[in-house]
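# Examining the three-dimensional arrangement
Each chain, written out:
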Amino acid sequence: MNLSKVLLFYKKTSYDHYFLAGKKRSSTLKKLFAPHELKGFLDTHQSHYTTLTRVQETLRRLGIRYECFCRGKAFDPSGFGLIITVGGDGTFMEAARALKGQFVLGVNSNPYWSVGRFCAGTAHNFSGLLARWIAGRSRVLVLERMQIELQKKKYPAL
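Notes on the structure follow. Source: prediction; values computed, not measured.

Rules used in this analysis
Residues numbered from 1 in each chain as written. Predicted model: local features only at pLDDT ≥ 70, side-chain atom pairs only at ≥ 80, totals over all residues. Heavy atoms only, no water. Helix = DSSP H or I, 4+ residues; strand = E, 2+ residues; numbered from the N terminus. Buried < 20%, exposed > 50% of the residue type's maximum accessible area, 1.4 Å probe, protein only. Salt bridge = Lys/Arg side-chain N within 4 Å of Asp/Glu carboxyl O. Lys, Arg positive; Asp, Glu negative; His and termini not counted. Polar contact = N/O pair within 3.5 Å; in protein donor to acceptor, adjacent residues only side chain to side chain. Contact = heavy atoms within 4.5 Å. Core = buried A, V, L, I, M, F, W, Y, C linked by side-chain atoms within 4.5 Å.

### Structural notes on unusual backbone geometry
In this structure, Gln 151 is a non-glycine residue whose phi angle is positive, near 50°. Checked against the element boundaries, Gln 151 lands in the loop between strand E6 (146-150) and strand E7 (153-157). A residue is classified by how much of its surface remains accessible, and Gln 151, at 75% relative accessible area, is exposed.

If you want it as structure tokens, here you go:
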């Protein structure tokens, strides 16, 4: 297990995209939602960033070097021994498509809202999960990937 360099791969929340992106657009969007719906977006946003902060604090406390990368752009996973995703299955799968032999540890940033079937971690169990990983006491689940070829173009699939 190579923990000399870890990539922390995370998502931006819907609240980031829709309500914090631009004042004019966000004020228009806010009018479309009932107050309890807006509260749901904000609660999910806060849960996500609380989880991201806890993961970062754990890595710092253990002296593990890491780099952060927000999903949505191509990235080069070479040089990283472990990829930690913070989000849900979409974040996990986006990171996994680019990997070439690295391990990925998924952390579901809001298990009450987000589907995280590939995510073993949460804000509450991440520290213990990582400690088991470091000690070599974690079970590794191998997910096979496929490649689809259509009209001489190749597309990766998980």
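### With respect to the pattern of salt bridges
Within the structure shown, the criterion is met by three salt bridges. With its nearest N and O atoms 3.4 Å apart, the salt bridge here joins Glu 67 to Lys 5. Here Glu 67, found in strand E2 (residues 66-70), pairs with Lys 5, found in the segment before strand E1 (6-10); they are 62 residues apart in sequence, far enough to count as distant. For Glu 67, a relative accessible area of 39% gives the class partly exposed.

### Some thoughts on the side chain of Asp 16
Checked against the element boundaries, Asp 16 lands in helix H1 (residues 14-19). Put simply, Asp 16 is tucked away with no salt bridge, and the nearest opposite charge, on Lys 12, sits 6.1 Å away. Here Tyr 49 takes part through its side chain, which lies 2.3 Å from a polar atom of the side chain of Asp 16. Those residues in contact with Asp 16 that sit more than four places away from it in its chain are Ala 21, His 45 and Tyr 49.

### Considering the nonpolar core
Among the nonpolar cores identified, the biggest contains 18 residues, and Val 55, Leu 82, Ile 84, Val 86, Phe 126 and Leu 130 are the most heavily contacted of them. Elements with a contribution of two residues or more to this core: E1, helix H3 (35-61), strand E3 (82-87), strand E4 (103-108) and helix H5 (126-134). The leading source of residues in this core is H5, at four residues. By size, the runner-up hydrophobic cluster in this structure holds eight residues, among which are Leu 7, Phe 75, Phe 80 and Ile 83.

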